[in-house]
Amino acid sequence: MHSLLAFSRHLLRFTGWRSLAVLGLMLVAALSEGIGLVMLLPIMSLAGLGSESGFSLGIIDTIVDTLSRANVELTLRGLVAVFVLLIVFRHFIVYASTRLSENTRISYVAALREELFGALCDADWRTIKSGGVRHLGQILLVDSWRVGDAAQNFFRFGSTLILAGVNFAIAAALSPILALSVFIGIGGLILVSRKRYGSVQVQGSNITRIQNDLYRVVENYLDSLRVAKLANAQSQMRADFARTVSALTRQYTGFVDDFVTTRMTFQIGAAIGVGVFLIFAVEIVGAGGLELALLVIISARLVPQCSQVNQYAQHLLHQLPAFEQVERALTACRRSTDVRQSKAEPIVPVRSIALRGVETWAHGPSKKRLLADINIEIPVGLTVAVRGPSGAGKSTLADVLSGLLLVETGDLLIDGEPVGEDRLSAWRQSVGYVPQHSVLLEDTFKRNLTWLLAREPSRQELDRALACTSLDSMVDALPDGLDTMISRREGALSGGERQRIAIARELLRRPRLLILDEATNALDPDSE
């Protein structure tokens with residue numbers, strides 16, 4: 001219930017007036033259908049289908065009086081014309097409601113993705129580095145769309161519930177006793193079906209977990225195709241993939257089985273209920289005539305409507321675990337936010353870059369100390385090599401020097417002045433970083449060089465960066481030059497070429513501090 005309430009609040013907060021407009025249109029559509037049903041009474045009466053029942057014909061009198069005041073000709077043709085116009089009006093309302101609800105769902109998914117990606121961008125580096133945000137690709141691509149499906153079922157649940165409520169209100173106006181009997185019967189069927197709601201939500205949670213596994217398996221093997229082929233491990237790759245897909249299929253099949261079983265149970269129970277209702281209405285209540293005919297029609301409509309309410313509720317519960325995963329990711333990103341981006345001019349060191357008494361610890365259960373009492377001063381223009389065993393804290397030191405990692409103790413100083421949180425963004429603009437494993441975009445060669453820049457570089461700047469990294473001849477040999485598409489994974493480019501692209505990208509930024517994190521380990525001696 002908590003997840004459903006949280007989802008409802010989130011949906012209404014993002015969609016605002018659109019959700020209210022959808023629900024309003026659904027209410028108008030339900031009312032127009034209800035009015036159309038009630039109009040069947042005077043139409044059937046004028047058609048010669050008189051009422052021999054003991055029911056009060058107050059409803060017919062009210063309808064006739066209302067139509068007379070509206071100057072509608074109280075003939076069979078006049079009433080049929082009004083009835084047809086009402087049906088046409090309702091279909092236009094349903095059309096508008098359907099379009100608006102679908103557009104709202106699509107807009108909601110887009111807003112959700114933007115919110116999540118924005119929260120990731122605003123998260124501090126320590127949270128991201130420690131693995132606080134997991135399965136982000138799965139959440140952005142798959143779970144967010146499942147949340148959109150939940151929004152769609154939320155609207156369908158609401159519209160069908162409103163329609164069933166209007167039909168029940170008409171039935172209650174015709175005969176409170178019979179309407180109560182219908183309500184009790186349908187309520188009993190829903191209570192019986194409700195037992196499966198828990199298992200439906202568990203299946204939804206399992207699907208979310210297994211989809212995470214599937215995404216992980218695909219990413220792992222796409223990144224490891226070369227070593228897998230060398231080790232002749234394709235069969236293991238296929239087995240892992242098939243095992244995960246099979247588990248996902250079982251969960252979806254289980255949901256479908258439960259869903260179909262629940263629907264069949266509801267429909268069989270409804271058929272028995274309609275039979276009992278007819279016997280009760282005629283033999284015990286003594287109903288008959290037009291009102292009984294209309295009650296039967298309404299009851300026959302209520303049963304599938306209530307069945308749909310039950311079905312939409314199951315789909316909604318099945319999709320809620322996807323929203324819970326999105327919520328967890330948002331919470332993790334917002335637990336510790338990064339410093340605000342600044343439009344201030346980049347900080348340009350003149351004399352030195354220094355660390356004074358710096359200590360920092362890892363997040364998580366280990367609370368391992370990563371740096372202890374670091375004091376270092378680097379004069380401007382000097383090239384410094386930091387050596388040490390694996391895990392000694394070299395990358396952490398680079399993160400602190402670049403201002404990417406906030407420290408618990410100590411200071412980062414530029415020309416002797418501490419760089420506080422209000423100045424970190426300005427300092428980061430002066431830092432270039434090339435990681436050990438170069439990360440490229442699935443985009444053009446030029447886009448990989450320029451995507452970090454605030455402005456489009458000149459051709460001279462591009463040529464200079466390419467020449468400095470010995471990429472000029474390589475670009476000249478490409479079929480489309482700088483517009484050639486390149487892959488972010490291993491492929492046509494060698495490891496050394498990928499590293500040179502990453503270095504050229506940073507050189508175009510003209511940083512005041514350039515950090516190379518073993519960024520030349522794939523280069524030949526001449527290139528290095």
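To be clear, the structure that these remarks concern was listed above.
As the structure is a prediction and not an experimental result, all values here were calculated from the model.

Conventions adopted
Residues numbered from 1 in each chain as written. Predicted model: local features only at pLDDT ≥ 70, side-chain atom pairs only at ≥ 80, totals over all residues. Heavy atoms only, no water. Buried < 20%, exposed > 50% of the residue type's maximum accessible area, 1.4 Å probe, protein only. Helix = DSSP H or I, 4+ residues; strand = E, 2+ residues; numbered from the N terminus. Pairing = 2+ DSSP bridges. Core = buried A, V, L, I, M, F, W, Y, C linked by side-chain atoms within 4.5 Å. Contact = heavy atoms within 4.5 Å. Polar contact = N/O pair within 3.5 Å; in protein donor to acceptor, adjacent residues only side chain to side chain. 1 Å grid on protein atoms, 1.4 Å probe; cavity = no way out; pocket = protein on both sides within 12 Å on 5 of 7 lines; lining within 4 Å. Points joined across faces, edges and corners; volume = space filled by probe spheres on them. Nonpolar A, V, L, I, M, F, W, Y, C, P; charged D, E, K, R; others polar. Axes fitted to C-alpha atoms, helices over the stretch in contact; angles between N-to-C directions. Phe/Tyr/Trp six-rings, centres within 6.5 Å; stacked < 30°, edge-to-face > 60°.

## Quick notes on the pairing of strand 8 (residues 513–516)
Then, number 1: Of the two faces of strand 8, the one holding Leu-513 and Ile-515 is buried and the one holding Leu-514 and Leu-516 is not buried anywhere.
Then, number 2: With four bridges joining them, strand 5 (residues 431–434) and strand 8 adopt parallel strand pairing. Paired with Tyr-433 across the strands is Ile-515, a residue of strand 8.

## Some details on the nonpolar core
Then, number 1: The biggest cluster of nonpolar side chains holds 34 residues, and the ones touching the most others in it are Phe-7, Leu-11, Tyr-108, Leu-116 and Val-147.
Then, number 2: Here this core takes 10 residues from helix 11 (residues 289–335), the largest share from any one element.
Then, number 3: Other than its neighbours up to four places away in sequence, Tyr-108 contacts Phe-7, His-10, Leu-11, Phe-14, Thr-15, Val-147, Ala-151 and Phe-323.
Then, number 4: Judged by nonpolar contacts, the second largest core, of 21 residues, contains Ile-353, Leu-355, Leu-401 and Val-419.

## Focus: the side chain of Gln-203
Then, number 1: Tracing the sequence through the fold places Gln-203 in helix 8 (residues 197–223).
Then, number 2: Ignoring sequence-local partners within four residues, the contact set of Gln-203 consists of Gln-251, Gly-254, Phe-255, Asp-258 and His-318.

## Side note on the side chain of Arg-90
Then, number 1: Inspection of the secondary structure assignment puts Arg-90 in helix 4 (residues 76–122).
Then, number 2: A distance of 2.8 Å separates the side chain of Arg-90 from the side chain of Glu-33, its partner in a polar contact.
Then, number 3: Apart from residues lying up to four places away in sequence, Arg-90 is in contact with Ala-29, Ser-32, Glu-33 and Leu-163.

## Considerations on the layout of surface pockets
Then, number 1: In this structure, the second largest pocket encloses a volume near 790 Å³.
Then, number 2: Surrounding the second largest pocket, 25 residues form its lining, Val-384, Ala-385, Leu-514, Ile-515 and Leu-516 being those nearest its centre.
Then, number 3: Elements with a contribution of two residues or more to the lining of the second largest pocket: strand 2 (369–379), helix 12 (394–401) and strand 8.
Then, number 4: No other element matches helix 12, which puts five residues into the lining of the second largest pocket.
Then, number 5: Grouping the constituent residues of the lining of the second largest pocket by class yields 17 nonpolar, three polar and five charged.

## Looking at the sheet that holds strand 2
Then, number 1: The strand order across the open sheet built from four strands is 2-1-3-4, with neighbouring strands paired in antiparallel fashion. Two strands close off the open sheet at either side, each with one partner strand: strand 2 and strand 4 (417–418).
Then, number 2: As paired strands, strand 3 (residues 409–414) and strand 4 are joined by two bridges and run antiparallel to one another. From the neighbouring strand, Ile-414 faces strand 4, where its bridge partner is Glu-417.
Then, number 3: Contacts from helix 13 (residues 421–428) reach strand 1 (352–361), strand 3 and strand 4 within the one sheet, and its direction differs from that of strand 3 by about 50°.

## What to know about the packing of aromatic side chains
Then, number 1: Summed over all chains, the structure comprises five aromatic pairs.
Then, number 2: With 6.1 Å between their ring centres and 80° between their planes, Phe-7 and Phe-154 make a pair best called edge-to-face. Taken as a pair, Phe-7 in helix 1 (residues 2–15) and Phe-154 in helix 6 (residues 136–174) lie far apart in primary sequence, 147 residues in all.
Then, number 3: Summarising the aromatic geometry, the rings of Phe-14 and Tyr-108 are spaced 6.2 Å apart at their centres and angled 65° between planes, so their arrangement reads as edge-to-face.

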